[in-house]
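Residues per chain, in single letters:
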Amino acid sequence: MTSTRPTVILMTSNGTGMGHLSRQTAVALAGASQFDTVILSLSRALPQVASAAFSNKLPNAEAWRFEYAPSWESGWAPSGWRGVLRRRWRSYRWAPYLRDRVVGLAAEVGASAIVFDGVSPYLGLLNARSELPGVQFAWVRRGMWQPHAPAGRLDHSRNFDLTLQPGDVASQFDRGPTRGRTDAVLITDPVCLLDAIPGVDKATARSRLGLPANGPVLLLAPGSGALGSVDTTARAALDVIRRDFPSWSVAVTRQAIAKHAIVTGDTSIHVLDDVYPLSGYLSAFDAAVSAAGYNAVHELLGSNVPTLFIPSTAHKTDDQVARAEGVAELGLALCTVDEVPEQVSHLLHEATLDRLSSTTTALGPMRGARVIAAEVAALAQAGTPLRTGDVLMRPPRTPLLDLRTTALDRADNPVLVTESLTREMMLGPRPVEHIIAGASETYRARRALTAHWLYR
């Protein structure tokens, strides 16, 4: 049966973790009865979300469609002198590639709205808007920016029909340029997968994660490590646990895009390798030591897991220190930057565990995704999809300096054109041109032309 719901493209930046993708996933789940979802992402973690949708780990997500687009930072970009120039002029030839990807996909799926979740909208996305006059554009812009983050990026809100700022449990401690702005609709509640992912009891969660049935278990969630080494602080936490709390078991999260080496050669640690979404299984844990990203903070506090947050200080935009210190001041968690052994010991004492469990219980439901989904649905109803025949076919211009990757039509390293998407493809040497499942021949031809912006 043909759906009568409008189609919405939920787009995410590449990011350094799962934050943008997880927020858009929560919005898609909340809006399942209001619009049809297509996820376009620059993140190499996209196969995890797609796999979760196709395997029913995400409720009512079987009909979602996915497409991956490589960012300008992709490892498939040229090396040598070409790579140096491309890094110097980051948008060189990539911006028109992204523009044509967005326009082509919007026409193929009949999207009436495009919702971007990322720190700063890309030039290619902004250029796409001028070619999609009837399509409505929204920007989901997380608050709590660093005080010295480039505030001028926030002014991109003028290029969107709607800007939305998700709630943050520590929003009162925002000390950056997002504080006090009036150009976004402020969502009171945080966006959190817990509102859409059914949780299971402790015994079931531990069984499914392969954790010990008995005894306390600590979750060590250090983040991706992409913006600075987390190995030293994680090892400090492990040393304290093994020395002073030997009855505790430890489980460590490791996503496909993670760069930490905490579990290398250590068989005593339970590795949660590419578990997504983990939110439904947080009942398995009696405590956690975690980075202080947006999703981690809200999922752990919302699951009443007593937590020590060790904020990343390497992020250029997200103020994890303010978020972690804020929830600590509210009595919801512990926080430290450089006193890891002392604070881990403090966390695992019974009185601390009881106190934190009690204070987080008082938190209300986190239903920000429902509010954003309703806003997006209303926006989509007002949009007009682009007709396929109206898409401008634009052959790439031959540049004076050709910085494209030599990959097309070569037997030794051809571009992989595929409707499937796996973790191995993301980590492999062959450039991937991922095409939405069931694509028309017209769209395939258009995508072949678009690929020449990057590959020759």
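Placed above this text is the structure.
Residues numbered from 1 in each chain as written. Predicted model: local features only at pLDDT ≥ 70, side-chain atom pairs only at ≥ 80, totals over all residues. Heavy atoms only, no water.

Novice: Even after reading the chapter, I still don't get the sheet that holds strand β12 (residues 307-309), so can you show me in this structure?
Specialist: Judged by pairing direction, the sheet is parallel, and its six strands sit side by side in the order β10-β9-β8-β11-β12-β13 without closing on themselves. Of all the strands in the sheet, just β10 (270-273) and β13 (334-335) have a single pairing partner and so form its edges. (Pairing = 2+ DSSP bridges. Helix = DSSP H or I, 4+ residues; strand = E, 2+ residues; numbered from the N terminus.)

Novice: Explain the pattern of salt bridges to me, please; I cannot follow it from the model alone.
Specialist: Opposite charge on two side chains makes pairing possible when the charged atoms of those side chains draw close. In this structure the tally under the stated criterion is 25 salt bridges. We note a salt bridge from D36 to R5, for which the minimum N-O separation is 2.8 Å. Pair noted here: D36 is in strand β2 (residues 36-41) and R5 is in the segment before β1 (7-12), with a separation of 31 residues, a long-range link. A relative accessible area of 18% places D36 in the buried class. For D286, the salt bridge is made with K202, and the minimal N-O distance between the two is 2.7 Å. Of the two residues, D286 is situated in the loop between β10 and β11 (287-290) and K202 in helix α6 (residues 202-209); the sequence distance between them amounts to 84 residues. Residues joined by salt bridges that share partners form a network here, namely E67, R101, E433 and R447. (Salt bridge = Lys/Arg side-chain N within 4 Å of Asp/Glu carboxyl O. Buried < 20%, exposed > 50% of the residue type's maximum accessible area, 1.4 Å probe, protein only.)

Novice: What exactly am I supposed to notice about the side chain of S279 here?
Specialist: With respect to the helices and strands, S279 occurs in the loop between β10 and β11. If near-sequence neighbours (up to four positions away) are discounted, S279 is found in contact with L193, L194, I197, E299 and S303. (Contact = heavy atoms within 4.5 Å.)

Novice: Help me understand the pairing of β1, please; the structure alone is not making it clear to me.
Specialist: Within a regular strand, the side chains alternate between the two sheet faces. Where burial is concerned, most of β1 is hidden: six out of the six residues are buried. Judged by which residues are buried, β1 turns out to be covered on both faces: T7, I9 and M11 on one side and V8, L10 and T12 on the other are all buried. With six bridges joining them, β1 and β2 adopt parallel strand pairing. Considered in β2, the bridge of M11 is made with L40. As paired strands, β1 and strand β4 (residues 111-117) are joined by six bridges and run parallel to one another. What sits directly across from I9, in β4, is I114.

Novice: Help me understand the environment of R367, please; the structure alone is not making it clear to me.
Specialist: Residue placement: R367 occurs in the loop between α11 (350-361) and α12 (368-381). You can call R367 partly exposed: its relative accessible area is 37%. Each C-alpha atom, one on R367 and one on G383, is 25 Å from the other, the two residues being 16 residues apart in sequence. Beyond its immediate stretch of four places on either side in the chain, R367 contacts D189, P190 and D195.

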